[in-house]
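# Coordinate analysis (summary)
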Amino acid sequence: MDLYFSPLACSMATRIAFYEAGAPAGFIQVDTKKKKLRDGSDFHAINALGQVPVLRTDEGWLLTENTAILPYVADRFPAAGLAPSPGTRERAQLQQWLGFISTELHKGVFVPVLDPTAPPEAAEYARQKLDRRFDLLQTHLAAHEYLLDRFSVADAYLTTVLNWAKYCGVELAEWPAVDAYFQRIAARPHVARALSEEMALFREEQARQ
Ligand SMILES: N[C@@H](CCC(=O)N[C@@H](CS)C(=O)NCC(=O)O)C(=O)O
């Protein structure tokens, strides 16, 4: 499988899933501003929206959307236990968390707050929504080590999104259980590897720009 990714973007969740699963994977870097791959080819030919992540499966078909890609990768490597079995209550709870992270945090709050082209009113509106959502996380993580009973692809996604807090003035320390969770998950060897590799690629990309 190949992952079209941009350093430190939401696509990092899938890199974490690959590393946690010990899965063989290729990584194709995308400049999401220019919509180009490193070889200069047009990323719109891969995803009409010009967004990462895109997964090219072993059969060659393309899959977009974190909420689809992450369970797909987990299901392809079941021994890693990155997602509960389909049809179970726990699997429904995984989908619930993925939906929450994707819509309520990633797109609903962090994208407008981080996007330099967002009107200040849009960023402010989104920022106002953050506290209630982080309060929900705080309550859950004060009582749970992971989002589910064990590490799952939802933790890979949430950690990827929480990693953006420092770039937009969100003080994780205001939610101590969320902060402790982020530190704990970020210290997992496979997560730490993904974070440090993508940070290096992010810095390289910044230098090129
Ligand atoms: N609906 C997509 C959104 C993915 C997304 O927002 N990707 C961002 C990076 S975190 C991106 O590629 N942004 C570039 C753009 O929107 O032009 C998903 O959930 O997978």
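You'll find the structure just up there.
All of the points below concern the structure found in this document. Everything numeric in this text was worked out from a predicted model, so none of it was measured. (Residues numbered from 1 in each chain as written. Predicted model: local features only at pLDDT ≥ 70, side-chain atom pairs only at ≥ 80, totals over all residues. Heavy atoms only, no water.)

This next bit is on the state of the cysteines. Within the structure shown, the criterion is met by zero disulfides. Its sulfur unpaired, Cys168 is 14 Å from the next cysteine sulfur, which belongs to Cys10. Taking the relative accessible area as the measure of exposure, Cys168 reaches 17% and is therefore buried. (Disulfide = S-S within 2.5 Å. Buried < 20%, exposed > 50% of the residue type's maximum accessible area, 1.4 Å probe, protein only.)

What follows deals with the pairing of strand 1 (residues 2–5). Along a regular strand, successive side chains alternate from one face of the sheet to the other. Relative to strand 2 (residues 26–31), strand 1 runs parallel, the two being bridged by four bridges. Looking at strand 2, one finds that Phe5 is bridged to Gln29. Two elements, strand 1 and strand 4 (residues 54–56), share three bridges in a ladder whose sense is antiparallel. Looking across to strand 4, one finds that Asp2 is bridged to Arg56. (Pairing = 2+ DSSP bridges. Helix = DSSP H or I, 4+ residues; strand = E, 2+ residues; numbered from the N terminus.)

With that settled, consider the pattern of salt bridges. Per the counting criterion, the structure on display carries nine salt bridges. With a shortest N-O distance of 2.9 Å, Glu20 and Arg188 are connected by a salt bridge. Here the residue Glu20 occupies a position in helix 1 (residues 12–21), and Arg188 occupies one in the loop between helix 6 (176–186) and helix 7 (189–208), the gap between them amounting to 168 residues. By relative accessible area, Glu20 is classed as buried at 16%. On the accessibility criterion, Arg188 (22% relative accessible area) is partly exposed. For Arg76, the salt bridge identified is with Asp58, shortest N-O distance 4.0 Å. On the criterion of sequence distance, the pair formed by Arg76 in helix 2 (residues 66–76) and Asp58 in the loop between strand 4 and strand 5 (62–64) is long-range, its members being 18 residues apart. (Salt bridge = Lys/Arg side-chain N within 4 Å of Asp/Glu carboxyl O.)

This next bit is on the environment of Tyr72. You can see Tyr72 is positioned in helix 2. Judged by its relative accessible area of 17%, Tyr72 falls in the buried class. If we skip the residues at most four places from it in the chain, Tyr72 touches Met1, Leu55, Thr57, Glu59, Trp61 and Leu63. (Contact = heavy atoms within 4.5 Å.)

Glancing now at the site of the ligand. Contacts to the ligand come from Ala9, Cys10, Thr32, Lys35, Gln51, Val52, Pro53, Glu65, Asn66, Ser102, His106 and Lys107. Gln51 is positioned such that a nitrogen or oxygen atom in its side chain is 3.0 Å from an oxygen atom of the ligand. A distance of 2.7 Å separates an oxygen atom of the ligand from a polar atom in the side chain of Lys107. The element best represented in the shell around the ligand is helix 3 (residues 89–114), accounting for three residues. In the shell around the ligand, the residues fall into four nonpolar, five polar and three charged. Shared between two domains, the shell around the ligand holds at least three residues of each, these being domain 1 (2–81) and domain 2 (89–189). (Near = heavy atom within 4 Å. Polar contact = N/O pair within 3.5 Å; in protein donor to acceptor, adjacent residues only side chain to side chain. Nonpolar A, V, L, I, M, F, W, Y, C, P; charged D, E, K, R; others polar. Domains from an automatic or database assignment.)

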